[in-house]
Amino acid sequence: MSPPGTERDAAAAGPAPAAPAPPAIKTPVTVEEARLRTILDSMVEAVYVTDATGRVTLTNRALEALIARDVVGRRAKNVIRSKELKRAIRRARKRNQATDVELESVIGDKIHSFHAQVSPLPDGEGVVTVLHDVTRLREADRIRRDFVTNASHELRTPLTAIRGFAETLRDGAYKNPTDAERFLDAILRHAKRLQRLAEDITLLAQAEAPGDDDEPVALDVRGAIRECAASLESFAKERDVRLSLELADEPLVLELSGRAFEHIVLNLIENAIKYSHAGGEVVVAARAAEHHVVVEVRDRGVGIPEKYRERIFERFYRVDKGRSRHEGGTGLGLSIVRNLVRRMGGRIEVESAVDVGSTFRVRLPVPGSVED
Ligand SMILES: Nc1ncnc2c1ncn2[C@@H]1O[C@H](COP(=O)(O)OP(=O)(O)OP(=O)(O)O)[C@@H](O)[C@H]1O
Ligand SMILES: [Mg+2]
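Residues numbered from 1 in each chain as written. Chains lettered and ligands numbered in written order. Predicted model: local features only at pLDDT ≥ 70, side-chain atom pairs only at ≥ 80, totals over all residues. Heavy atoms only, no water.

A. Summary view of the site of ligand 1. Taken together, 23 residues sit near ligand 1, with Arg196, Asn271, Ser324, Thr330 and Leu334 positioned nearest. One of the side-chain nitrogen or oxygen atoms of lysine 274 is found 3.0 Å away from an oxygen atom of ligand 1. Separating an oxygen atom of ligand 1 from a backbone N or O atom of valine 319 is a distance of 3.0 Å. Contact with the protein chains hides 99% of the accessible area of ligand 1, taken as 590 Å² for the molecule alone. Among the secondary structure elements, those contributing two or more residues to the shell around ligand 1 are α6 (177-208), α9 (258-274), α11 (333-343) and β12 (357-365). If you tally residues by element for the shell around ligand 1, the top one is α9, at three residues. Looking at the shell around ligand 1, its residues break down into 10 nonpolar, eight polar and five charged. (Near = heavy atom within 4 Å. Polar contact = N/O pair within 3.5 Å; in protein donor to acceptor, adjacent residues only side chain to side chain. Areas by Shrake-Rupley, 256 points an atom, 1.4 Å probe, with all protein chains shown as cover. Helix = DSSP H or I, 4+ residues; strand = E, 2+ residues; numbered from the N terminus. Nonpolar A, V, L, I, M, F, W, Y, C, P; charged D, E, K, R; others polar.)

B. Spatial organisation of the sheet that holds β12. An order of β7-β9-β10-β12-β11 is seen for the five strands of this open sheet, with the pairing classed as mixed. Of all the strands in the sheet, the pair left with one neighbour each is β7 (242-247) and β11 (347-353). Recorded for the sheet is a direction-independent mean angle of 15 degrees between the axes of neighbouring strands. Pairing of β7 with strand β9 (residues 281-289) involves six bridges; the strand directions are parallel. Bridge pairing in β9 places leucine 247 opposite alanine 286. Its contacts with the sheet put helix α7 (residues 221-231) on β7, β9 and β10 (292-299), and the angle it makes with β7 is roughly 175 degrees. Sheet contacts for α9: β7, β9, β10, β11 and β12; angle to β10, the most-contacted strand, approximately 25 degrees. (Pairing = 2+ DSSP bridges. Axes fitted to C-alpha atoms, helices over the stretch in contact; angles between N-to-C directions. Contact = heavy atoms within 4.5 Å.)

C. Spatial organisation of the packing of aromatic side chains. For the coordinates displayed, the defined rule picks out four aromatic pairs. The interplanar angle of 35 degrees and the centroid separation of 5.6 Å between the aromatic rings of phenylalanine 147 and phenylalanine 316 together place this pair among those described as tilted. One end of the pair, phenylalanine 147, is in helix α5 (residues 135-170); the other, phenylalanine 316, is in the loop between β10 and α10 (321-326), and 169 residues separate them in sequence. In this pair, the class of phenylalanine 147 matches that of phenylalanine 316, namely buried. (Phe/Tyr/Trp six-rings, centres within 6.5 Å; stacked < 30°, edge-to-face > 60°. Buried < 20%, exposed > 50% of the residue type's maximum accessible area, 1.4 Å probe, protein only.)

D. Molecular detail of the pattern of salt bridges. All told, the structure shown has 27 salt bridges when counted by the stated rule. Residue arginine 61 pairs with aspartate 41 through a salt bridge whose shortest N-O separation is 3.7 Å. Note that arginine 61 is positioned in helix α3 (residues 61-67) and aspartate 41 in helix α2 (residues 28-41), a separation of 20 residues in sequence. Note on aspartate 41: relative accessible area 17%, which makes it buried. (Salt bridge = Lys/Arg side-chain N within 4 Å of Asp/Glu carboxyl O.)

E. Looking closely at the layout of surface pockets. Here the largest pocket defines a volume of roughly 650 Å³. What lines the largest pocket is a set of 25 residues, and nearest its centre among them are Ile143, Asp146, Phe147, Glu314 and Arg315. Those elements that provide at least two residues to the lining of the largest pocket are α5, α6 and α11. Counting residues per element, the lining of the largest pocket draws most heavily on α5, at nine residues. Among the residues forming the lining of the largest pocket, the class breakdown is nine nonpolar, four polar and 12 charged. (1 Å grid on protein atoms, 1.4 Å probe; cavity = no way out; pocket = protein on both sides within 12 Å on 5 of 7 lines; lining within 4 Å. Points joined across faces, edges and corners; volume = space filled by probe spheres on them.)

F. Up close: the nonpolar core. By size, the foremost hydrophobic cluster in this structure holds 50 residues, and its most contacted members are Phe261, Leu268, Ile269 and Phe360. No other element matches the eight residues that α9 contributes to this core. With residues near it in sequence (within four places) discarded, isoleucine 269 still touches Cys228, Ala229, Leu232, Leu243, Val284 and Val297. With 23 residues, the next largest nonpolar core counts Ala46, Val79, Ile80 and Val127 among its residues. (Core = buried A, V, L, I, M, F, W, Y, C linked by side-chain atoms within 4.5 Å.)

As structure tokens, this is what we get:
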């Protein structure tokens, strides 16, 4: 790497971080420096060089974008605050040793995760630090780990129950027909729960995988809504909930996968019925709005406390775990719905008041119209 020169001085004095390299002066050194500057600035990794006194002598554009200020001439320990990094830079300077470190550091108001490579420069004069921002990667890892933990927990509950009932049967309960029937019913119920869980996990994976959609077709969504409501009519009756429709008189044509749309509507209606009181009412409405079709599912059920209103869209999240589990729910329903809605270019929102009821509203874009 080249020693400090005009290039760095210009960068230190320059007002904007994204300032292009100064016009090339045709001496071999400047050409070399310009080359180096271009290489550094085209890197996605943030780079900075420190001298023997621990001051920054050179940075690249990615570093300036990351920390949003010019740090040439400042002490390196104030650039990215991290004990591990400080130690690695010292090791490179004093013992001429290169190190890779994983670290976290607060920049602005956000915690960033980095993989840093710290190497001494050949001339023994300074140290170069290359920072890969792996914040997103770490976040994705965490989400994946949470998912596996939650999924295995959800799988374990019915499996433990099935095993327990089967063992009790084998140990003699099968001789008593009443017990035998009761335990077999329980096994069947838990097996169904497992099956549902497996199906929902597959559906979620499909809803999250890009490019896995059915071919969109032009569809009057009123027909699809009528069919969804009809298929849940007996469930509503069972719960003593009145299910009614408020559909626009004119066709509401959207271009989408009919299967995915039905999945959204079925899930929302099923929730509305499940979380209603006996004697309650669920209304499914659909109307045209500017550039959108709005589908609403309203209930007068238990409602959702404000603090949970965003969380209910997370995978496996249930406000009342006991109640949901009793219903055979997995807590994946709304996360699947939200993924499907987003893939259609739409939005979902919820309004709710405890013991008054909830309204889930889905806005789906009308083909060819401009988003408002
Ligand atoms: N209409 C509603 N009224 C009140 N609470 C609701 C309503 N819809 C969803 N919730 C809350 O949001 C949680 C998450 O809903 P979601 O549909 O994802 O899961 P679930 O209904 O429990 O299970 P699943 O949909 O997998 O059967 C529910 O457990 C419930 O606490
Ligand atoms: Mg649900």
